[in-house]
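Observations on the model geometry
Given next are the chains, with one letter for each unit.
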Amino acid sequence: MSATRQRRLLTTAVALVGAGALVAGCTGNTPEASSSGGGGNNAASSNDDTGDTVTIGFSAPAADHGWMAQITEAARAEAEGYDDVELIVAEGTNDVSAQISQVETFINDGVDAIVLLPFDGAAMTPIALEAMQAGIPVINVDREFDDPDAARVTILGDNYGMGVSAGQYVCSQLEDTPDAVVAEVAGIDSLPLTQERSQGFSDALADCGLDVDNRVAAEFTVESGEEVTANLLQAAPQIDALWNHDDDQGIGVLAAIDNAGRDEFFMVGGAGSANAMRDIQAGDSVLQATVIYPASQAADGVRLARLVAQGKALSDLIDVEVPRQITLSAPVVTADNVDQYIDSAFES
Amino acid sequence: MTEQTSTTTAAGASPASDRPGPPPSTRGSSGGGFLSGSVGRNMGLVVAFALLCIVGIVTAGDRFASTDNVVTILRLAAVVGVVSIGMTFVIIGGGIDLSVGALVALSSVWATTLATQAMAADTHWIVMVGTAVLVGAVAGLVNGVVIAYGKLVAFIATLAMLAAARGLAEIIANRRTQTVRDESFLSFFGASPLGIPMLVWIFAVVAVAGWVLLNRTTFGRRTFAVGGNAEAARLAGIRVQRHTVALYVLSGVTCGIAAVMLMARTTTGSSTHGTLLELDAIAAVVIGGTLLVGGRGTIVGTVLGVLIFTTLSNVFTLNNLSSSSQAVAKGVIIVAAVLLQQRVAAGRRQKRSGKALPPTAAEGAPAGASPGVPAP
C-alpha cells in the first residue's frame, strides 16, 4: 500500500521535474538592444556638480504596462547618473494602502525628498501632506494631489493637452469631411486622466465641427484593447478616424482592426511607445500618428527632488527656487518627425 | 454504488435526458425530452439569452444580426469560454480555481519568449502551443497536489497561485508585451475554415470534448461523485485525491489553450493577459447553473453563461453605452439568472415530489454528513 503510494509520489515528482526542465529552456528572454530613456545628463550647468548626498524615496504604481515600467526604469537610471543621489525604490503597487505605508516608511526613515507617482492622487494626498509637514519635500508626478500644499513640486504630463493634440490632428486630416465618423478607444474610464484626455479630444473636435460618434473604454492592456475594439468595429461599420488613448493597449486595438480586415480609416495613438512609432515609420498600418505622454516625467521628478533637497534652482530660470508646477507638452508624432522621438520612446 | 447514485442525481435528476433516443420515463414535463434535457434545465438562461438577442436586434438592428457581428461575439466568447469549461469541472468537483487568469498570462508569456519563438522558428509553431499547454498543465498540477495532498483549501491554494503565476509572468516578460513573430502561427489561428474563425472551432471542440468527458465517461461520473460527497466517493473506491489533482490539471490545460487563443487574437503574449478572467469564468459557470459547492453542473449551462456575458458587452457597445452601465447590467443578470434558475429548479422539484421521489443526494446529504467514518 505505502509502497505504491511512494512510487506514485515518486512518479509525480519525476514528471514534475521533467516537465519543469522541458519548459525551463523556454524562459530565456534576452531583449534586443533595450533603449533605456533617461540617464543621460544633457543639461550642462553647475547643477550637475556633485553636491551633498541626498536620499530620495521613490514610489509608483505597479509597472504592469510598458509606459509605467519605463517610468520606474528611467527614474532609476537617472538616479544612477548622479553620485550624490541615493534612490530608494519601493515595490510598485496598485494598492493605495500599501503605497501609503511606503510613504510612511520614507517619513520614518527621514529621507531628504520623496518622488511620488500616486496610484490615486486623491487617496495619497493626506500622507503627502504629512510628509510635507515633517519637512520632507514631495515631488508629485503624473497624477495630481487634491491639495496643492501636499507637494513642493508637481510635474504633470498634459492629459487634456493629449486629447487636444489628437483632436487637432484628426481635424487637420478630416477638414473636408463634415460628417466624418470619429471613434475613440479610451483607457480606464474611472481615472481622471482618461476623463481629461476624452474632454480635450471632444473639445478640439468641436472646434472643427466634429464629435465622437463611438466611444469604448479598455483597461490599458492588450487583451482589453482587442476586445473592446472588436465590438467597436461592429458598432461602427464605417469609420473615418479613430483615437486610441494608449499605445500599450494599441497593440490589441491594431490586432482587432487586422482581424476585422478594416482599413478605411486612420488611427492616432497615445503615449508614444516604440512599436507604435515603428508602425508609423513603416506606414503599412492604419496607425498614422501618436501623441506623446512623456515616460520621463518620474526621471525629471528625481532630478527636481535632488535640486530641491540640495537647495538649488533650475539653471535656465532666473528664479532662485524650483518652480511649483511643470506641465509637459504633448506633441503629435507623425511619419515626418518620428525619427526625432523614436530613440526616447518606451518599449511596450 | 454511491457513485452511481450521485451521478444520476447530480446530472439533474433526469438521467434519460442526456441520452439520445426515447427517455425511459415519458411522464413529467410536457415538453418531453427537450424540456427535461440540458436546454430545459437551463431554461432561465435560454430566456435571458433570447431577451438579450431581442434587445440587440431592436436597438441595433442589422448591425447586431449580421453574420460579422455573430462571428465577433463568438470569437470574443472563445477564450473565456475555454477557461470556463475547465472551471466547470473544477467547481463540479467541489473546488475552485482562482488562478486561471494568471495561468493564462504565464502560459502566454512563456510561449512567446524569444527563446521559445526561436525554437518554434527552427522547428514548428506547435512548439509554442505545446509550451503554453504544458506550462498550464504543470501549474494546474501544482495547484492540484497542494490542494489534494497538502490539504490546503482550494480557495487559498489557487489564490496563492494567482499571485505567484502572474508575478512569474512579469519576471519572465520583464513587464513588456511580447509580440508573436511566427507568421504561420498567426495565419493558422487567424484562418476561418468554413467561414468560422479557428478560435470558435477550438472553443466548440473544447466544449464538446468537455461535454463528452463530463457526461459520458467514468471520469465525469467520478467528478460529480467527488464534488457531491467526497467521503462517499472515497468509500465507493474512487481515489479522490488523484481525481482532484486531475481536475486542476484539466483546468490548467484549458488555461494553456486559452493562452494560445489569446496569443492569436492579440498577436502578443503579456503578463496582463487574462486579468480578472477568473471572475468572468466563475460568473459564467455559476449563472450556468453549476453549484458552487460542487456535485452538480452542466457544460451547456456554462457555454450559455459565457455567451450571455459576451453578447451583453457587444449589445452595450453597439448602443454606445459606457462600460460602467455594462458592469451594472452584468451584476443584475447574475442575480436574475440564478434566481430564475432556482425558480425553475424549485418548480421541477415540486412536480417531482408529487411522484414521491427522494431528495437528491447532493442536496440531501450535506458535506461532512458522514460521521463515524474513521480517518484513514
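Since we're looking at a predicted model, the values are computed, not measured.

Some details on the environment of alanine 298 of chain A
Residue and element names in this part refer to chain A. Within the secondary structure, alanine 298 is located in helix α10 (residues 297–309). As a C-alpha pair, alanine 298 and alanine 63 span 235 residues in sequence and 13 Å in three-dimensional space. When near neighbours in sequence (up to four residues on either side) are disregarded, alanine 298 contacts Ala60, Ile71, Thr72, Ala74, Ala75, Val115, Leu117 and Val141.

Focus on the pairing of strand β7 (residues 212–217) of chain A
Residues and elements named next belong to chain A. Bridge count between strand β6 (residues 182–186) and β7: five bridges; the pairing is parallel. Opposite valine 182, over in β7, you have valine 212 as the bridge partner. Following the chain from β6 across helix α6 (residues 192–207) to the adjacent parallel β7, one finds a crossover that is right-handed.

Some details on α10 of chain A
Along its 13 residues, α10 of chain A runs 18 Å from first to last C-alpha, staying within 8% of the 18 Å computed at 1.5 Å per residue. Taken across its 13 residues, α10 of chain A has 13 buried, putting it largely inside the fold.

Topic: the sheet that holds strand β1 (residues 54–59) of chain A
Residues and elements named next belong to chain A. Reading across the sheet, the six strands line up as β2-β1-β3-β4-β5-β11 and stay open at both edges, with parallel pairing between neighbours. Strands at the two margins of the open sheet, each flanked by one partner only, are β2 (85–89) and β11 (325–327). Strand-to-strand twist across the sheet, computed as the mean angle between neighbouring axes with direction ignored, equals 15°. Sheet analysis places β1 next to strand β3 (residues 113–116), joined by four bridges and oriented parallel. By the bridge assignment for β3, glycine 57 is matched with isoleucine 114. The strands that helix α2 (residues 66–80) touches are β1, β2 and β3; relative to β2, the one it contacts most, it runs at about 155°. Docked against the sheet, helix α3 (residues 96–109) engages β1 and β3, running at close to 170° with respect to β1.

So, the interface of chain B and chain A
The partner chain A presents 40 residues to the 39 residues of chain B that form the contact. Listing elements by their share of the side of chain B that touches chain A, those giving two or more residues are α6 (67–92), α8 (114–122), α9 (126–148), α15 (240–266), α17 (299–318) and α18 (323–354) of chain B. A total of six residues in the side of chain B that touches chain A trace back to one element, the largest contributor, which is α9 of chain B. Split by residue class, the side of chain B that touches chain A holds 13 nonpolar, 21 polar and five charged.

A look at the domain arrangement of chain A
One frequently used descriptor of interface size is the decrease in accessible area upon assembly of the parts. Residues and elements named next belong to chain A. Here chain A is partitioned into domain 1 (51–157 + 295–312) and domain 2 (159–292). When each unit is reduced to the centre of its C-alpha atoms, the spacing between domain 1 and domain 2 is 31 Å. Taken together, the contact between domain 1 and domain 2 spans five residues of the former and seven residues of the latter. In terms of residue class, the side of domain 1 that touches domain 2 is built from one nonpolar, three polar and one charged.

As for the nonpolar core
Counting 215 residues, the largest nonpolar core has Ile114, Val115 and Ile139 of chain A together with Val82, Val83, Leu106 and Met261 of chain B as the members making the most contacts within it. Both of domain 1 (51–157 + 295–312) and domain 2 (159–292) of chain A provide at least three residues apiece to this core.

Notes on the packing of α6 of chain B against helix α16 (residues 277–287) of chain B
Residues and elements named next belong to chain B. It is at 9 Å that the axes of α6 and α16 come closest, and there the two elements cross at 65°. For α6 against α16, the interelement crossing comes out right-handed. On α16, the residues touching Val80, Val83, Ser84, Met87, Thr88 and Ile91 of α6 are Leu277, Asp280, Ala281, Ile282, Ala284 and Val285. Residue composition of the contact of α6 with α16, grouped by class: nine nonpolar, two polar and one charged.

Quick look at the confidence of the model for chain A
Residues at a pLDDT of 70 or more form 87% of chain A, whose mean pLDDT is 85. Note that pLDDT drops below 50 for residues 31–41 of chain A; the model gives that stretch 22 contacts with residues more than four away or on any other chain.

Some thoughts on the environment of leucine 98 of chain B
Residue and element names in this part refer to chain B. With respect to the helices, strands and loops of the structure, leucine 98 is situated in the loop between α6 and α7 (100–111). For leucine 98, a count of 22 C-beta atoms within 10 Å puts it in the buried group. C-alpha separation for the pair leucine 98 and phenylalanine 155, spaced 57 residues apart in sequence, amounts to 6.9 Å. Those residues in contact with leucine 98 that lie beyond four places of it in its chain are Phe155, Thr158, Leu159, Leu162 and Glu278.

Reading guide: rules and limits
Residues numbered from 1 in each chain as written. Chains lettered and ligands numbered in written order. Predicted model: local features only at pLDDT ≥ 70, side-chain atom pairs only at ≥ 80, totals over all residues. Helix = DSSP H or I, 4+ residues; strand = E, 2+ residues; numbered from the N terminus. Contact = placed C-beta atoms within 7 Å. Pairing = 2+ DSSP bridges. Right-handed = clockwise from strand over helix to strand, strands pointing away. Expected span 1.5 Å × (residues − 1). Buried ≥ 20, exposed ≤ 12 C-beta atoms within 10 Å, placed from the backbone. Axes fitted to C-alpha atoms, helices over the stretch in contact; angles between N-to-C directions. Nonpolar A, V, L, I, M, F, W, Y, C, P; charged D, E, K, R; others polar. Domains from an automatic or database assignment. Core = buried A, V, L, I, M, F, W, Y, C linked by C-beta atoms within 7 Å. Left-handed = near helix turned anticlockwise from the far one by under 90°. pLDDT = per-residue confidence, 0-100.

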